[in-house]
Amino acid sequence: MKDKLNEIMGNALSQIEESANLDKLNDIRVAFLGKKGELTSVLKSMKDVAPEDRPKVGQMVNEARARIEGKLEEKKSAFEKAVREEKMKAEVIDVTLPGRKKEIGHRHPNTLALEEVEKIFIGMGYEVVEGPEIEFDYYNFEALNIPANHPAKDEQDTFYINDKILLRTQTSSVQVHVMEKGKLPIRMISPGRVFRSDDVDATHSPSFHQVEGLVIDQHITFADLKGTLEQFAKQLFGEDTKVKFRPHHFPFTEPSAEMDVSCFKCGGKGCRFCKGEGWIEILGCGMVHPHVLEMRDIDPDEYSGFAFGVGLERIALLKYEIDDMRLLYENDKRFLSQF
């Protein structure tokens, strides 16, 4: 039995020494120490050993197992060290190389423009209110003095989901929801995404953003509207900015106007940016139509108000001197990284 154990141990140690990799080492472990291994077979044959010799034989088997396991661990450590050294050689770090700069995300030009607009109006005491992008026809049109078959509906090329539900064409619908609550006075702006069936070009998109404002209180006049929007323009484009109002027509305001600002590139002298006119159209506005107030159970004899709406993309294009609206949505990092 002793000779047999010495033979098994010698074979094992010899094979371990000659093993070339961890896989071969594992095969040797299984061959000698596994459930069907040679040393395990000796243990199973202990029943054939005389009872008085079993302790001695058991000790010899345990000593042989310990020698084999020790040699296996020693060889395994040597292999792992060699693998680690090879890996370290392949992953050498040159500490003299410049560090890799991590790219950190930043706000989109539209977001930057919106934050500036919101900051201006919040400073004037306005509340920022958001509403649903999927809206009822009633809130998007009828409640804004645009009944069925009104020509203004054709002008806006609406995306209808069914006869009564649509993708909103303007954020004025949010103002109707606020008026419906009946809590006066109101000073609010409603920024958000709107949808119109327009072809995509440098100045149009089927999906864009608006910021619309509403003020309703006692004794509100057109002078309040002009003063508010003039202050807005000066804070947005600079203190030297001038404004002018041109008569216009919107179904939900009367009187209505469009507001131009003096070109902040040439100071009103005329340049490529303002197409030689010295003025840039910026927004539409007007006094809230009395019928709109009446539909919300607000007495037009006691309360009056004004409303305005500006395209957020238009603000971004002007503010950052971008000449093509499509650049805002193409996700070109070369463009976006400039902001």
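What you see is a predicted model; the values in this text were computed from it and never measured. (Residues numbered from 1 in each chain as written. Predicted model: local features only at pLDDT ≥ 70, side-chain atom pairs only at ≥ 80, totals over all residues. Heavy atoms only, no water.)

Okay, the pattern of salt bridges next. Two side chains bearing opposite charge may form a pair once their charged atoms approach each other closely. A complete count under the given rule lists eleven salt bridges for this structure. Among the salt bridges present, the one from aspartate 217 reaches arginine 187, with a minimum N-O distance of 3.5 Å. One end of the pair, aspartate 217, is in strand β5 (residues 207-217); the other, arginine 187, is in strand β4 (residues 186-195), and 30 residues separate them in sequence. The exposure class assigned to aspartate 217 is buried, which follows from its relative accessible area of 17%. Overall, arginine 187 belongs to the partly exposed group, its relative accessible area being 34%. (Salt bridge = Lys/Arg side-chain N within 4 Å of Asp/Glu carboxyl O. Helix = DSSP H or I, 4+ residues; strand = E, 2+ residues; numbered from the N terminus. Buried < 20%, exposed > 50% of the residue type's maximum accessible area, 1.4 Å probe, protein only.)

Moving on, we come to the side chain of threonine 228. In this structure, threonine 228 sits in helix α9 (residues 222-237). A distance of 2.8 Å separates a polar atom in the side chain of threonine 228 from the backbone oxygen of aspartate 224. Those residues in contact with threonine 228 that lie beyond four places of it in its chain are Phe121, Met124, Tyr126 and Phe306. (Polar contact = N/O pair within 3.5 Å; in protein donor to acceptor, adjacent residues only side chain to side chain. Contact = heavy atoms within 4.5 Å.)

Right, let's get into the sheet that holds strand β8 (residues 279-288). Judged by pairing direction, the sheet is mixed, and its seven strands sit side by side in the order β1-β4-β5-β9-β8-β7-β6 without closing on themselves. Each edge of the open sheet is held by one strand with a lone partner, namely β1 (127-128) and β6 (243-250). Here helix α8 (residues 172-180) sits on the sheet in contact with β4, β5 and β9 (304-311), set at roughly 140° to β4. Against the sheet, α9 engages β6, β7 (253-262), β8 and β9, with an angle of about 150° to β8. (Pairing = 2+ DSSP bridges. Axes fitted to C-alpha atoms, helices over the stretch in contact; angles between N-to-C directions.)

Another aspect to go through is the nonpolar core. Leu283, Phe308 and Ile315 are the most contacted members of the largest nonpolar core, which has 35 residues in total. When residues of this core are traced back to their parent elements, those giving at least two are α5 (109-123), β5, α9, β7, β8, β9 and α11 (312-319). Top contributing element to this core by residue count: α9, with six residues. Grouped together as the second largest cluster of nonpolar side chains are 23 residues, Phe141, Ala143, Leu144 and Val176 included. (Core = buried A, V, L, I, M, F, W, Y, C linked by side-chain atoms within 4.5 Å.)

Right, let's get into the confidence of the model for the protein. Taken as a whole, the protein shows an average pLDDT of 86; of its residues, 95% reach a score of 70 or greater. Confidence scores differ between elements of the protein, with helix α7 (residues 151-156) showing the lowest mean pLDDT of 64 and β1 the highest of 96. (pLDDT = per-residue confidence, 0-100.)

Between its first and last C-alpha, α9 extends 22 Å over 16 residues, near the 22 Å set by a 1.5 Å rise per residue. What α9 keeps buried is the set Leu225, Thr228, Leu229, Phe232, Ala233, Lys234, Leu236 and Phe237. One or two residues past the end of α9 sits glycine 238, with phi positive at roughly 120°. (Expected span 1.5 Å × (residues − 1).)

By definition, a disulfide links the sulfur atoms of two cysteine residues through a covalent bond. Applying the stated criterion across every chain, the model contains zero disulfides. As a non-bridged cysteine, cysteine 285 has cysteine 263 as the owner of its nearest cysteine sulfur, 20 Å distant. (Disulfide = S-S within 2.5 Å.)

Right, let's talk about a negative patch on the surface for a bit. On the surface, Glu294, Asp299, Asp301 and Glu302 cluster together to form a negatively charged patch. Here glutamate 302 shows up in the loop between α10 (290-295) and β9. (Patch = residues over 30% accessible without salt bridge, like charges linked within 9 Å, V, L, I, M, F, W, Y side chains within 5 Å. Areas by Shrake-Rupley, 256 points an atom, 1.4 Å probe, with all protein chains shown as cover. Lys, Arg positive; Asp, Glu negative; His and termini not counted. Charge placed at Lys NZ, Arg CZ, Asp CG, Glu CD.)

This paragraph deals with unusual backbone geometry. Generally, phi is negative for residues other than glycine and the peptide bonds are trans, each holding for most cases. Here the residue pair leucine 184 and proline 185 is connected by a cis peptide bond, since its omega of 0° sits within 30 degrees of zero. A cis geometry characterises the amide bond from glutamate 254 onward to proline 255, with omega recorded as 0°. Tracing the sequence through the fold places proline 255 in strand β7. You will see that asparagine 145, though not glycine, has its phi angle at about 70°, which is positive. Although it is not a glycine, glutamate 321 sits at a positive phi angle of roughly 55°. Within the element layout of this structure, glutamate 321 appears in the loop between α11 and α12 (333-336). Look at glutamate 321 and you get partly exposed, because its relative accessible area is 44%.

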